[in-house]
Amino acid sequence: MENQHLSEAFYELSTPLIADACLRLGLNLRMAPPGIRPIMPDSHITGRVLPVRHYGSVDIFLEAMGSAQRGDILVIDNNGRKDEGCIGDLMALEAQACKLAGIIVWGCHRDTADLKNIKFPIFSYGMCPAGPQRLDSREPNALTTAHFGDFFMKLEDVVFADADGAIFAPGQQVEKVLSTAKIIWQTERRQAEAIQSGKKLREQLRFDEYLDRRSTDPTYTFRKHLRNMGGAIEE
């Protein structure tokens, strides 16, 4: 799926819905470790992953962006370090000029005030005024795969990011993920509208019926109950 179509499909959705869709489809939930935040609070992006491993010098970011497609998202593996800010205003401006959709860092950023003025979507684990003071040896796959927390990502992956965090999905499954997330969203919207119209969620989900059934059948879980009736919560 092209980046533009990804962005259009994700417009009304969210990372919680993507997470629910991945679980419903039986996909591994590759979620950025808790704590990642957008510099601009309203950032809401998706696109093909452009992975890069950082070794202390920004030249590898410039190299990665040289092969970028419009709407890609630069995803930086800096091993979760918080003792250096590995990107700042110049890299944000370069990514913006290359028509990327955003930058996601497993690590920290710097130049926060300038980044806010640039208004380019960036997600990181916080700020650090110091730049890298190291230059490590580069690995052969530095521009094709990267770590983010305890999982790998690669060029074929897609990332979704918003105020709740970031989730990675396999590119070959992304259409199923998006269509499933939309079904969940539609169900939840109907339930929310019903609550606002006076029909409580307990009533919609026939919760008393569930409690009665569970009292005689301990194996009858709430998830099984929801599956039987098509509710969106937890399913």
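Residues numbered from 1 in each chain as written. Predicted model: local features only at pLDDT ≥ 70, side-chain atom pairs only at ≥ 80, totals over all residues. Heavy atoms only, no water.

### Thoughts on the sheet that holds strand 8 (residues 122-124)
Phase 1 of the analysis: With mixed pairing, the eight strands of this open sheet are ordered in space as 1-12-11-3-4-6-8-2. In this open sheet, the two strands that pair with only one neighbour each are strand 1 (30-31) and strand 2 (37-38).
Phase 2 of the analysis: Two elements, strand 3 (residues 45-53) and strand 4 (residues 73-77), share five bridges in a ladder whose sense is parallel. When the bridges of strand 4 are listed, Val52 appears paired with Ile76. (Pairing = 2+ DSSP bridges. Helix = DSSP H or I, 4+ residues; strand = E, 2+ residues; numbered from the N terminus.)

### Some words on the environment of Ser43
Phase 1 of the analysis: Residue position: Ser43 is located in the loop between strand 2 and strand 3.
Phase 2 of the analysis: For Ser43 and Gln173, which are 130 residues apart along the polypeptide, the C-alpha to C-alpha distance reads 24 Å.
Phase 3 of the analysis: Those residues in contact with Ser43 that sit more than four places away from it in its chain are Pro38, Pro121, Phe123, Ala161, Asp162 and Ala163.
Phase 4 of the analysis: For Ser43, the side chain forms a polar contact with the main-chain oxygen of Met40, separated by 2.8 Å. (Contact = heavy atoms within 4.5 Å. Polar contact = N/O pair within 3.5 Å; in protein donor to acceptor, adjacent residues only side chain to side chain.)

### Describing the packing of helix 2 (residues 15-24) against helix 6 (residues 174-196)
Phase 1 of the analysis: Running from N to C, helix 2 and helix 6 point in directions that differ by 115 degrees, and their axes come no closer than 8 Å. What the angle tells us is that helix 2 and helix 6 run roughly perpendicular. Our pair here, helix 2 against helix 6, has a crossing hand that is right-handed. Here helix 2 contributes Leu17, Ile18, Asp20, Ala21, Cys22 and Arg24 to the contact with helix 6, which in turn contributes Val177, Leu178, Thr180, Ala181, Ile184, Trp185 and Glu188.
Phase 2 of the analysis: Residues belonging to the contact of helix 2 with helix 6 are distributed by class as follows: nine nonpolar, one polar and three charged. (Axes fitted to C-alpha atoms, helices over the stretch in contact; angles between N-to-C directions. Parallel < 35°, antiparallel > 145°, perpendicular 65-115°, else oblique. Left-handed = near helix turned anticlockwise from the far one by under 90°. Nonpolar A, V, L, I, M, F, W, Y, C, P; charged D, E, K, R; others polar.)

### Digging into the nonpolar core
Phase 1 of the analysis: Formed by 23 residues in total, the largest nonpolar core has its most connected members in Phe61, Leu74, Ile76, Ile87, Ile103, Phe120 and Ile122.
Phase 2 of the analysis: For this core, the elements supplying multiple residues, two or more each, are strand 3, helix 3 (59-65), strand 4, strand 5 (85-87), helix 4 (89-97), strand 6 (102-106) and helix 5 (112-118).
Phase 3 of the analysis: A per-element tally of this core places helix 3 first, with four residues.
Phase 4 of the analysis: When near neighbours in sequence (up to four residues on either side) are disregarded, Ile103 contacts Ile73, Leu74, Ile76, Ile87, Met91, Ala92, Ala95, Phe120, Pro121, Ile122 and Phe123.
Phase 5 of the analysis: The next biggest cluster of nonpolar side chains, apart from the first, holds 19 residues, and it includes Phe10, Ala21, Val158 and Ala181. (Core = buried A, V, L, I, M, F, W, Y, C linked by side-chain atoms within 4.5 Å. Buried < 20%, exposed > 50% of the residue type's maximum accessible area, 1.4 Å probe, protein only.)

### Overview of the packing of aromatic side chains
Phase 1 of the analysis: Applying the stated criterion across every chain yields a total of nine aromatic pairs.
Phase 2 of the analysis: With 5.4 Å between their ring centres and 45 degrees between their planes, Phe148 and Phe168 make a pair best called tilted. Taken as a pair, Phe148 in strand 9 (residues 145-148) and Phe168 in strand 12 (residues 165-170) lie far apart in primary sequence, 20 residues in all. As far as the burial class goes, Phe148 and Phe168 line up, both buried.
Phase 3 of the analysis: Three or more aromatic residues joined by ring pairs form one cluster here, namely Trp106, Tyr125, Phe148, Phe151 and Phe168.
Phase 4 of the analysis: Arg213 extends its terminal NZ or CZ atom over the ring of Tyr220, reaching a point 4.1 Å from the ring centre. (Phe/Tyr/Trp six-rings, centres within 6.5 Å; stacked < 30°, edge-to-face > 60°. Lys NZ or Arg CZ within 6 Å of the ring centre and 35° of its normal.)

### Description of helix 1 (residues 3-10)
Phase 1 of the analysis: Taken residue by residue, helix 1 has Asn3, Leu6 and Phe10 as its buried positions. Angular distribution of buried residues about the axis of helix 1 spans 55 degrees; they occupy a single face of the element. In helix 1, the exposed positions angled more than 90 degrees off the buried face are occupied by Gln4 and Glu8.
Phase 2 of the analysis: If you follow the buried residues of helix 1, they end up packed against helix 2, strand 3, strand 11 (157-162) and helix 6. (Arc of directions from axis to C-beta.)

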